[in-house]
Amino acid sequence: MGTFDGKVAVVTGGTSGIGLATARRLADDGARVYVMGRREAELKQAVDEIGHGAVGVRGDVADLADLDRLFAAVEEHGVDVLFANAGGGEFTRLEDVTEKHFDQTFDANVKGTLFTVQKALPHLNEGASVILTGSTAAGSGAEAFGVYAASKAAIRSFARTWANELKGRGVRVNAIVPGPIATPGIDGLAADEAGAAQLKGYLTESVPIGRMGRPEEVAGAVAFLASDQSSFITGSELYVDGGLNQI
Ligand SMILES: NC(=O)c1ccc[n+]([C@@H]2O[C@H](COP(=O)([O-])OP(=O)(O)OC[C@H]3O[C@@H](n4cnc5c(N)ncnc54)[C@H](OP(=O)(O)O)[C@@H]3O)[C@@H](O)[C@H]2O)c1
């Protein structure tokens, strides 16, 4: 028996990094998984990799019509686990922030998360678990990461409000807070390979445990929050950060 046998899980940003590892974990543990991402080829590859009858819906979480298509696909099954994880960021110092940078970051991370959960509401089954993806950046004040950090601070706030608003339906809402995790998203923060290696070296040194995290380690924590093992946990943040923001 798998933990998620007979359950339906939706993972946005399920085609790479943390989302892909989580989609794989939930599917391996029995869930029927729906993943969303914008890039067609990556989506197809992820669906093959996840297996277990996973379904891919191509779309942008900041586009409300795309979200409608996602939840239309799951309609008959209802949703037991929603991992609103799609997002990302770029390094930009305050003096260089453009309107485009702001809009792109807040569209994916804030607008996308809000409307993913809003559009899921009619489909959430009794006892469903909603997990949002925050970031240690929200509380660290890292230079040149201000817009991203602010967008992730909104995630922490959303988790509190929505946990309150949905408690009457038996729906729990929590945020997962990853520290530096080795994903394609982290590589994408640097201009080139040398920059990516330098960034990873810096991050590795910063983390008390002495290394970056693996996407599977975040997936394990998400699986915990998604399961009945965490039945008395709602409105909380679970850090998966190797101690970065703790000690
Ligand atoms: N890696 C870390 O160290 C770290 C730390 C803290 C928090 N996080 C957060 O964890 C989440 C996943 O990051 P990751 O490191 O796994 O990054 P990743 O490897 O770049 O994966 C990001 C995923 O999100 C999708 N995505 C991005 N924008 C989207 C949009 N507007 N609409 C739909 N899908 C979108 C991407 O697919 P497409 O590009 O094809 O759309 C991809 O599947 C993000 O919210 C990130 O901010 C990561």
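Sequence positions are assigned chain by chain, starting from 1 and proceeding in written order. In keeping with the model being predicted, local features are shown solely for residues with a pLDDT of at least 70 and side-chain atom pairs are shown and tallied solely at 80 or more, while totals for entire chains, interfaces and linings include all residues. Derived side-chain values reflect all non-hydrogen atoms in the structure, with water molecules and hydrogen atoms excluded from consideration.

**Here we look at the overall build of the protein**
Phase 1: Secondary structure summary: the protein contains 8 helices and 7 strands in total.
Phase 2: Only C-alpha atoms enter the radius of gyration, while the globule expectation follows 2.2 Å times N to the 0.38, with N the number of residues. The C-alpha atoms of the protein give 17 Å as radius of gyration, which agrees with the globular expectation for 247 residues (18 Å, within 12%).
Phase 3: Along the first, second and third principal axes, the C-alpha atoms of the protein reach 45 × 35 × 35 Å.
Phase 4: The classification of residues rests on relative accessible area computed with a 1.4 Å probe and restricted to protein chains. Under 20% of the type maximum is buried, over 50% is exposed, and intermediate values are partly exposed. When each of the 247 residues of the protein is scored for burial, the buried share is 48%.
Phase 5: At a minimum sequence separation of 6, the contacts of the protein that also span at least 24 residues come to 71%.
Phase 6: Note that accessible areas follow from Shrake-Rupley with a 1.4 Å probe, and for residues the cover is restricted to the protein chains shown. A total accessible area of about 11700 Å² is found for the protein, and carbon and sulfur atoms account for 50% of it. Strands are runs of DSSP state E lasting at least 2 residues, helices are runs of H or I lasting at least 4, and numbering of each runs from the N terminus. What makes two residues a contact is simply this: any of their non-hydrogen atoms within 4.5 Å.

**Side note on the site of the ligand**
Phase 1: We define proximity as follows: a residue is near a molecule or strand when any one of its heavy atoms falls within 4 Å of that partner. Every one of the 29 residues lining the ligand counts as a neighbour, but T15, S16, R38, Y148 and T183 are closest to it.
Phase 2: Pairs of N or O atoms within 3.5 Å make up the polar contacts considered here, provided that, within protein, one atom can donate a hydrogen while the other can accept it, and that residues adjacent in sequence are counted only when both atoms are side-chain atoms. Contact between the ligand and G185: an oxygen atom at 3.2 Å from a main-chain N or O atom of the residue.
Phase 3: For the ligand, whose free accessible area comes to 880 Å², the fraction covered by protein is 92%.
Phase 4: Going through the elements one at a time, α1 (17-28), α5 (146-166) and α6 (184-187) are the ones with two or more residues in the shell around the ligand.
Phase 5: Counting residues per element, the shell around the ligand draws most heavily on α6, which supplies 3 residues.
Phase 6: Each residue receives one of three labels: charged for Asp, Glu, Lys and Arg, nonpolar for Ala, Val, Leu, Ile, Met, Phe, Trp, Tyr, Cys and Pro, and polar for the others, Gly being one of them. The residue makeup of the shell around the ligand, split by class, is 10 nonpolar, 15 polar and 4 charged.

**Remarks on the packing of helix α4 (residues 99-120) against α5**
Geometrically, a packed helix pair is captured by the angle between its two axes and the distance between the axes.
Phase 1: Axis definition: a line fitted to C-alpha atoms, over the contacting stretch in the case of helices. Angles run 0 to 180 degrees between N-to-C directions. Taken N-terminus to C-terminus, the directions of α4 and α5 make an angle of 15°; their axes are 9 Å apart at the nearest point. With respect to each other, α4 and α5 are oriented roughly parallel. Crossing of α4 against α5: the hand is right-handed. For the pair α4 and α5, the contacting residues are H101, F102, T105, F106, N109, V110, T113, L114 and V117 in the first and V147, Y148, A150, S151, K152, A154, I155, F158 and W162 in the second. What sets the label is the angle itself: under 35 degrees gives roughly parallel, over 145 gives roughly antiparallel, 65 to 115 gives roughly perpendicular, and the rest give oblique. Handedness of a helix crossing follows the sense of rotation of the near helix relative to the far helix, less than a right angle counterclockwise being left-handed and clockwise being right-handed.

**Topic: the sheet that holds strand β4 (residues 79-84)**
Phase 1: Here, strands pair whenever DSSP counts at least two bridges between them. If you walk across this open sheet you meet the 7 strands as β3-β2-β1-β4-β5-β6-β7, and the pairing is parallel. Where the open sheet ends on each side, the last strands, each with one partner, are β3 (55-58) and β7 (237-240). Recorded for the sheet is a direction-independent mean angle of 20° between the axes of neighbouring strands.
Phase 2: One ladder, built from 5 bridges, connects strand β1 (residues 8-12) with strand β2 (residues 32-37); its direction is parallel. Residue pairing across strands places V8 opposite R32, the latter belonging to β2.
Phase 3: Along the sheet, helix α2 (residues 40-50) makes contact with β2 and β3, crossing β3 at roughly 165°.

Such coordinate-based values are descriptive only and should not be taken to indicate function.
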